[in-house]
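Notes for the structure review
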Amino acid sequence: MREDEGDVGGSAGGLVSVGSPMLEAGPKAEAAKLLPFLALGARADLQAAAAQHVLALTGSGPGRTMLAGQAALLRALVELAVAPAPAPARDAARALVNLSADPGLHEPLLAAEPGLPARLLGCALDPQWPWAEEAAAVLANLSREPVPCTALMAALAAAEPGESGLERLVRALCTPGYNARAPLHYLGPMLSNLSQRPATRAFLLDPDRCVVQRLLPLTQYPDSSVRRGGVVGTLRNCCFEHRHHEWLLGPEVDILPFLLLPLAGPEDFSEEEMERLPVDLQYLPQDKQRDPDADIRKMLIEAIMLLTATAPGRKQVRDQGAYLILRELHNWEPEPDVRVTCEKLIQVLIGDEPEHGMENLLEVKVPEDVERQLQQQDRQEQEQCERVQQALELAPETQAEALSLVGLPEPQLPRTSRLPS
């Protein structure tokens, strides 16, 4: 994300230039002019103006490219971002958010300041730091790539004695009002990125720590899709560890209702069907809404799919009535790619069990030719989803014709006609 995306400010999903004029001087000359004003100890008003100018430059591609080649200026920017008032730390931190949103700039940032992840981690987890959200956003951006993610893991491992860095991160994420001046939503995607590492998953899935249980309520966190999506992504990554599925699905964690509830709507079920559902999914109110974020819905479905990788997992997911929720979700789902993901999970739940020796779907070795065919099918499905989405965005008078060209009916036709009741 960039500083103009998500909850840090501005509209999600797009880059908004903040309107800096293009530089007339060369990059080195311009950086040389700015550098004295960015230094710690510079006159406060000039320092603030210089930081605002750098932030404006990061709102455009050419500006970010120019700054990426100026190691001394980047170091000065980092120093300002972690400096106490009256230094313009907020603008400096937001400039780092914009720079770190471009994976191609991670290497110059870390080359200029190798200790950047550790320094920002200290700010992000400081309950008194006013710009902790910006620090967390930079780390969420950096941790998407292997090298800075490794540096962040090292910084977490070097945390204070007596409490691991990951424990501090989870505590900050799960404690309301941990920082009264910063919401810390971006700790969610940071943890999701870190959970791609086996060491992080081992920490999260340690039965003696009860970490996963603390994360589960955040799957319905209403105030931020950033935090909610980060937690769901973390849980999905944990579900890759099939040796923990029995524990995750069992009474100690009981993860399935937390994954299904955001996918459930206000539909009425028969008494017989209702009894098959977990208690938390029975008799939901008429104003119950599904998670509004399509990406989060897809990750929830993928997490459940991973839990069905083993025969015991498939049985438990079936026995808890997951199909009923997914059937209604499929009927409602407006996003083609999410609907396809839902269909795949439904087929697993209603299909025949794999033959002997292939019960664990995460350990099955797929022949290379079959894998290529599956990848080709996935690409074709994705292309069709994109064509359908484009058709749905057309005016009503041209929509039907466009949908017929991709071989699909108009949206008002039943979508669950081929699914069993």
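Read on for a plain summary of the structure. (Residues numbered from 1 in each chain as written. Predicted model: local features only at pLDDT ≥ 70, side-chain atom pairs only at ≥ 80, totals over all residues. Heavy atoms only, no water.)

1. Let's talk about the overall build of the protein
The line we're drawing: Helix numbering and strand numbering both begin at the N terminus, where a helix is a DSSP run of H or I of at least 4 residues and a strand a DSSP run of E of at least 2. Note on exposure labels: buried denotes an accessible area under 20% of the residue type's maximum, exposed denotes more than 50%, and partly exposed covers the range between, all computed with a 1.4 Å probe on protein chains only. Residues are treated as being in contact if the distance between any of their heavy atoms lies within 4.5 Å. Only the protein chains shown count as covering a residue, and every accessible area follows the Shrake-Rupley method with a 1.4 Å probe.
Helix and strand counts for the protein stand at 23 helices and zero strands. Put simply, the protein has 421 residues, and 48% of those count as buried. Restricting the contact set of the protein to residue pairs at least 6 apart, pairs at least 24 apart contribute 68%. When the accessible area of the protein is evaluated, it comes to approximately 20,200 Å², of which 53% is carbon and sulfur surface.

2. Focus on unusual backbone geometry
Here the amide bond leading from Ala85 into Pro86 is cis, since omega sits at 10 degrees, within 30 degrees of zero. The backbone of Cys210 shows a phi angle near 55 degrees, a positive value even though the residue is not glycine. Inspection of the secondary structure puts Cys210 in the loop between helix 12 (198-204) and helix 13 (211-215). What makes Cys210 partly exposed here is its relative accessible area of 37%.

3. Section: the nonpolar core
Test applied: Here, the term nonpolar core denotes a set of buried Ala, Val, Leu, Ile, Met, Phe, Trp, Tyr and Cys residues that are joined through side-chain atoms within 4.5 Å.
Of all hydrophobic cores here, the largest spans 116 residues; its most connected members are Leu38, Leu96, Leu187, Met190, Leu194, Ile255 and Leu326. Not counting the four nearest positions on each side in its chain, Ile255 is found in contact with Leu216, Leu235, Cys239, Leu248, Leu249 and Leu307.

4. Quick look at the packing of helix 7 (residues 116-124) against helix 8 (residues 132-142)
What counts is decided by this rule: Axis definition: a line fitted to C-alpha atoms, over the contacting stretch in the case of helices. Angles run 0 to 180 degrees between N-to-C directions. Convention used here: angles under 35 degrees read as roughly parallel, angles over 145 as roughly antiparallel, angles from 65 to 115 as roughly perpendicular, and any remaining angle as oblique. Crossings are classed by handedness, with left-handed meaning an anticlockwise turn of the near helix from the far one by less than a right angle and right-handed meaning a clockwise turn. Polarity classes work like this: nonpolar for Ala, Val, Leu, Ile, Met, Phe, Trp, Tyr, Cys and Pro, charged for Asp, Glu, Lys and Arg, and polar for all others, with Gly in that last group.
The contact between helix 7 and helix 8 brings their axes to 8 Å, and the two run at 140 degrees. As judged from the angle between their axes, helix 7 and helix 8 are oblique. Read as a crossing pair, helix 7 and helix 8 show a hand that is left-handed. Contact with helix 7, carried on its side by Leu116, Pro117, Leu120, Leu121, Cys123 and Ala124, involves Ala132, Ala135, Ala136, Val138, Leu139 and Leu142 of helix 8 and no other residues of that element. Counted by class, the contact of helix 7 with helix 8 contains 12 nonpolar, no polar and no charged residues.

5. Describing the packing of aromatic side chains
What counts, and what does not: Any pair of Phe, Tyr and Trp rings, taking the six-membered ring for Trp, is counted once the centres come within 6.5 Å. Such a pair is stacked with planes under 30 degrees apart, edge-to-face with planes over 60 apart, and tilted for the rest. Any Lys NZ or Arg CZ found within 6 Å of a ring centre and within 35 degrees of that ring's normal is scored as a charge over the ring.
By the definition in use, this model includes zero aromatic pairs. Lying across the ring of Tyr221, Arg227 places its NZ or CZ 4.8 Å from the centre.

6. A few points about the packing of helix 20 (residues 322-332) against helix 21 (residues 336-350)
The description of two packed helices rests on the angle between their axes and on the distance between the axes. Where helix 20 contacts helix 21, the axes come no closer than 10 Å and their chain directions differ by 150 degrees. Here helix 21 runs roughly antiparallel to helix 20, going by the angle between their axes. Crossing hand, helix 20 versus helix 21: left-handed. Along its contact with helix 20, which presents Ala322, Tyr323, Leu326, Arg327, Leu329 and His330, the element helix 21 presents Arg339, Cys342, Glu343, Leu345, Ile346, Leu349 and Ile350. Looking at the contact of helix 20 with helix 21 residue by residue, the classes come out as nine nonpolar, one polar and three charged.

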